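In case you want the letters, here they are:
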Amino acid sequence: MAATADAPIDLDRLRRDRRERLVTEARAAGLDAVLLIGSAGVTYATGADTPTADVGVARPRRTVALVPTDGSLPHLWTWWPDGAPPDLPVDHVLPGLHLDDDHDAAALGTAVAERTGTGAVIGVDDRTWSLRRALVDLTTVDARPALGRARLVKTPDEIACIRRAQHLNERAIAEIGPLVAPGTTPAELTGAFLECCAGLGATGTVLDPVWQVVAPAVGAGPRSVTGDVAFPVAGGTDPFADGDLVWVDTGVEVHGYGSDYGTTWDVGAAHPRRAEQWSRLRAVLDAVTAAVRPGATGADLTRAARETEAGRRTPWLRHLYLAHGIGTAPAEAPLIGTDLGDEVDAATVLGPGTVLVLEPVIWDDGDGGVRCEEILLVTAGGCERLSAPGTPEAR
Amino acid sequence: MTTPTGDDRAHLDRLLDAMTAAGVDALLLGHEDGIRWVTGADRLRLTGTRPFAPACVVVRATRTAHLLATSDAGLPAFLDVDHVYGPSWDLVTLATRVAAVPGLARARTVGTDGTDPTVEDILAAFLPVATFVDAGPLLRGVRRRTSPADRAGIAAAIDVAQRGLATVVGTVAPGVTERRLSGAFAGRIGRLGATMPAFATATCVAGTAPRSFPGERTLAAGDLVTLRGGVVLDGWLGLVARTRAVGGATAGQVSAAEAALETLRLVTTACRPGRPVGSLRARPDVRAVDGLGTDLAPIGADDPLAVDDVCWIEVAVDGVLLGDVVHVGTDATVPLTGVPYGLG
């Protein structure tokens, strides 16, 4: 595993391959250019580095990318010129803009019109009000379907980034895991985890790491509106106590690609049902993994999971999913097992190069339950696991 | 658990009063920093930006807020589980739940903080009497003016950021990597109860312009190292930026530090009520004059400052980066930050 996770990543090829995929899909959708203001899309289209930040810091200072579909290089507006990719000429790297400011947004609108010409169709991933006003004379459509199709199939360098981020995350968890004990707080654990990740080479975090103490019965609170376990919720400063059931969800970044690590800890002695729950979770993971191959549908995966736990609760959280994609966004297409329903799952066909994060849950109300995550790459012949096994006896 | 407003609905009431004054019947909010300012909800923090989605509904007629969530976890006491609508991956299902929020269907003027092209069309179909308007100016106006309780929250966040910075300063030494410094910040603020840096901590050997991405570079004697760290604590941002010399400062570095401090003081003094910030921000050595609260908000170039604005000022001169949070008081503008400015 370690040797593979250390495989070199060719950043020039990563950027080139991604841009080619995006341009192909955008052109097929009839777009003359794509104007991106969301962090996941900008990272995908350009490889520009942006400091990972809380939304209150990230939103006012967005990085913006304009990607023409005629094959010419993108333009980038950034507050962090030292994060601009080296393949962009200096006149394509422009000062950062405040997109909630009419003056700045109008300047961007003018630049877009100059570079694409009047009558061009511009795909956008999001708009501020100022940007909406600035683009009023251009034809804008939602770019996300095209962007989503491009991101669905990962290039070898993208896969290497995900593998490396995940491996780094796993190493950090192995180092800080022993700190989980009565008296330690979730915030302390977060500090130790991020410190460890920085030392290992992570460039940021995808979310505030989750070390959530879960009550053994849904009715014990917090009050759920889904009937399912309320997860994930923000951590805090209340210390862990003996007997706590802790659900873990962390993600760190390498070159803009997130890891997704999930596990379950018992503080102190494990609950008597835990071993049985872990083996049921393993059975669900094995059944779903066996179903993952090119041509399989999302419905094949949900069926495999449900049949393994036949007669019991659906083995994933109904407000989330059984599986999701991962890349420059922490959860991206395909989403499998959502409330969009079986028809949507049946229409979701897997192909080689798609990366799936499985996150099943075994829950016996009153006794708590277990969750973990495993990352699979769909290959020509089936699938390959990019993460370490998520269940303890398989590690 | 503490939140930007605790269990106090002061922010929500201020917002409702501003909505009344502006003739806005309801708000649909998508940005989490604004939602935590309005409601005090303490929810899982994700990094980066997300497209607009109706994650919070504020209705003037009922004088309350409703939140998109799976449970009442992290909600203040005045918003119980009856004020929660569940998430859906199906925008039509979500729009149905939003439209069912009491009072919203009758709202004629509905402000939003974003205009996602697809979401906007669906919401328009479910709220046929609504005209959607830009809620940005209304929200900025009401969020900008800080109360003493707001400033106490900001000061607490700054205190954690400063103690994080002190740990980083104690780690600065020849042979240490930039990345180890940023890790030291994360470790300390976690031990102090803040769970995530507000942004990736920039602890970098100074270049001709301040760098933003710590790497494997090792500090060497004679380097200047810029240290910028921020935290989110109970929803509030706390920020600080300083520069330290590795192994003793040269005369040139000392004079750059003096020039940077002079600029910082000059800008701080100039941040007075009635003064627009555009001319201050236009100075080549000034990197930021922004509003600070639960976000780092740009202030329009022609937008005059007012009493009880809180601002983040950042300057850089010849590799020396300095940043303070300041409060525009009635009599003077004073830094809320208290870390020594020197390079030692």
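Residues numbered from 1 in each chain as written. Chains lettered and ligands numbered in written order. Predicted model: local features only at pLDDT ≥ 70, side-chain atom pairs only at ≥ 80, totals over all residues. Heavy atoms only, no water.

Asker: With reference to specific residues and values, describe the overall build of chain A.
Answerer: Regarding its fold elements, chain A presents 12 helices and 19 strands. Expected size for 395 residues packed as a compact globule is a radius of gyration near 21 Å; at 22 Å, chain A falls within 12% of this value. Projecting the C-alpha coordinates of chain A onto the three principal axes gives extents of approximately 70 × 45 × 45 Å. Out of the 395 residues in chain A, the part that is buried amounts to 58%. Taking all contacts inside chain A whose residues are at least 6 apart in sequence as the whole, residues at least 24 apart take part in 66%. When the accessible surface of chain A is totalled, it reaches about 14100 Å², and 53% of it is carbon and sulfur. Here chain A holds 35 positive side-chain charges and 55 negative ones, and the gap between their average locations is 3 Å. (Helix = DSSP H or I, 4+ residues; strand = E, 2+ residues; numbered from the N terminus. Rg over C-alpha atoms; globule rule 2.2 N^0.38 Å. Buried < 20%, exposed > 50% of the residue type's maximum accessible area, 1.4 Å probe, protein only. Contact = heavy atoms within 4.5 Å. Areas by Shrake-Rupley, 256 points an atom, 1.4 Å probe, with all protein chains shown as cover. Lys, Arg positive; Asp, Glu negative; His and termini not counted. Charge placed at Lys NZ, Arg CZ, Asp CG, Glu CD.)

Asker: A description of the overall build of chain B should follow, citing residues and the corresponding values.
Answerer: Within chain B, the regular secondary structure consists of nine helices and 14 strands. Here the C-alpha radius of gyration of chain B, 22 Å, is about what a compact globule of 344 residues would show, namely 20 Å. Its C-alpha atoms give chain B principal-axis dimensions of roughly 70 × 40 × 35 Å. Within chain B, counting contacts between residues at least 6 apart in sequence, those at least 24 apart form 65% of the total. As displayed, chain B has an accessible area near 11900 Å², and 55% of this comes from carbon and sulfur atoms. For chain B, the distance from the average site of its 32 positive side-chain charges to the average site of its 36 negative ones is 3 Å.

Asker: Hey, could you go over the nonpolar core for me, with residue numbers and the actual values?
Answerer: In terms of nonpolar packing, the biggest core is built from 87 residues, with B:Leu15, B:Leu27, B:Leu28, B:Val58, B:Leu104 and B:Leu292 touching the most fellow members. Sorting elements by how many residues they give to this core places helix H6 (residues 148-171) of chain B first, with seven residues. Setting aside residues up to four positions removed in sequence, B:Val58 forms contacts with B:Leu12, B:Leu15, B:Leu16, B:Met19, B:Asp25, B:Ala26, B:Leu27, B:Leu29, B:Val38, B:Thr64 and B:Ala65. Within the second largest apolar cluster, 31 residues are counted, among which are A:Leu31, A:Leu36, A:Ala48 and A:Leu147. (Core = buried A, V, L, I, M, F, W, Y, C linked by side-chain atoms within 4.5 Å.)

Asker: Give a description of empty space enclosed by the protein that names residues and reports values.
Answerer: All names here are of chain A. If you walk through the whole model with that rule in mind, you get six cavities of 30 Å³ or more. Looking at the largest cavity, its volume works out to about 80 Å³. Taken together, 13 residues line the largest cavity, and the ones lying closest to its centre are Val214, Gly221, Pro222, Val229 and Ala230. In the lining of the largest cavity, the residues fall into nine nonpolar, three polar and one charged. (1 Å grid on protein atoms, 1.4 Å probe; cavity = no way out; pocket = protein on both sides within 12 Å on 5 of 7 lines; lining within 4 Å. Points joined across faces, edges and corners; volume = space filled by probe spheres on them. Nonpolar A, V, L, I, M, F, W, Y, C, P; charged D, E, K, R; others polar.)

Asker: If you had to explain the environment of A:Pro186 to someone new, which residues and values would you point to?
Answerer: All names here are of chain A. One can find Pro186 in helix H9 (residues 186-200). The class for Pro186 is buried, based on a relative accessible area of 5%. C-alpha separation for the pair Pro186 and Phe240, spaced 54 residues apart in sequence, amounts to 7.5 Å. For Pro186, the residues in contact, after removing those within four places along its chain, are Trp211, Gly236, Asp238 and Phe240.

Asker: With reference to specific residues and values, describe the side chain of B:His11.
Answerer: Residue position: B:His11 is located in helix H1 (residues 10-22). A polar atom in the side chain of B:His11 sits 2.7 Å from the backbone oxygen of B:Trp37. (Polar contact = N/O pair within 3.5 Å; in protein donor to acceptor, adjacent residues only side chain to side chain.)

Asker: I'd love a proper account of the sheet that holds strand S6 (residues 139-142) of chain A, names of residues and values included.
Answerer: Residue and element names in this part refer to chain A. Read across the open sheet, the six strands follow the order S4-S3-S2-S1-S5-S6; overall the sheet is mixed. Either end of the sheet is taken by a strand with one partner, and the two such strands are strand S4 (93-95) and S6. Ignoring which end each strand starts from, the neighbouring axes of this sheet average 25° apart. Sheet analysis places strand S3 (residues 75-78) next to S4, joined by three bridges and oriented parallel. The residue of S4 that forms the bridge with Leu76 is Val93. The sheet strands contacting helix H3 (residues 39-46) are strand S1 (33-36), strand S2 (64-68) and S3, and the helix crosses S2 at an angle near 50°. (Pairing = 2+ DSSP bridges. Axes fitted to C-alpha atoms, helices over the stretch in contact; angles between N-to-C directions.)

Asker: I'd like a description of the side chain of A:Ser130, backed by residues and values.
Answerer: Residue and element names in this part refer to chain A. Within the fold, Ser130 resides in helix H6 (residues 129-134). We classify Ser130 as buried; its relative accessible area is 4%. Beyond its immediate chain neighbours, meaning those up to four positions away, Ser130 contacts Leu99, Asp100, Asp101, Asp102 and Ala105.

Asker: Which residues make up the interface of chain B and chain A, and what values go with them?
Answerer: Listed per partner, the contact involves 69 residues of chain B and 68 residues of chain A. When the two sides are added together, the surface that chain B and chain A hide from each other amounts to roughly 5500 Å², 57% of it contributed by carbon and sulfur. Linking chain B with chain A are 10 salt bridges. For the interface between chain B and chain A, the tally reads 23 residue pairs in polar contact (both at pLDDT 80 or more). Among the elements of the structure, helix H2 (32-39), helix H4 (117-126), strand S6 (131-134), helix H5 (136-144), helix H7 (178-191), strand S10 (286-292) and strand S11 (296-298) of chain B are those that each provide at least two residues to the side of chain B that touches chain A. Among the elements that line the side of chain B that touches chain A, the one with the most residues is H7(B), at eight residues. Grouping the amino acids of the side of chain B that touches chain A by side-chain chemistry returns 27 nonpolar, 21 polar and 21 charged. (Buried area = accessible area lost by both parts, 1.4 Å probe. Salt bridge = Lys/Arg side-chain N within 4 Å of Asp/Glu carboxyl O.)

Asker: Account for the pairing of strand S15 (residues 355-358) of chain A, naming residues and giving values.
Answerer: Residue and element names in this part refer to chain A. In S15, alternate side chains face the same way, and those of Val355 and Val357 on one face and Leu356 and Leu358 on the other are all buried. As defined by bridge partners, strand S13 (residues 323-325) adjoins S15 across three bridges and the pair is classed as antiparallel. Across the sheet, residue His324 finds its bridge partner in S15, namely Val357. One ladder, built from four bridges, connects S15 with strand S18 (residues 374-378); its direction is antiparallel. Each bridged residue has a counterpart across the sheet, and for Val355 the counterpart in S18 is Leu377.

Shape is all these values report; function is a separate question.
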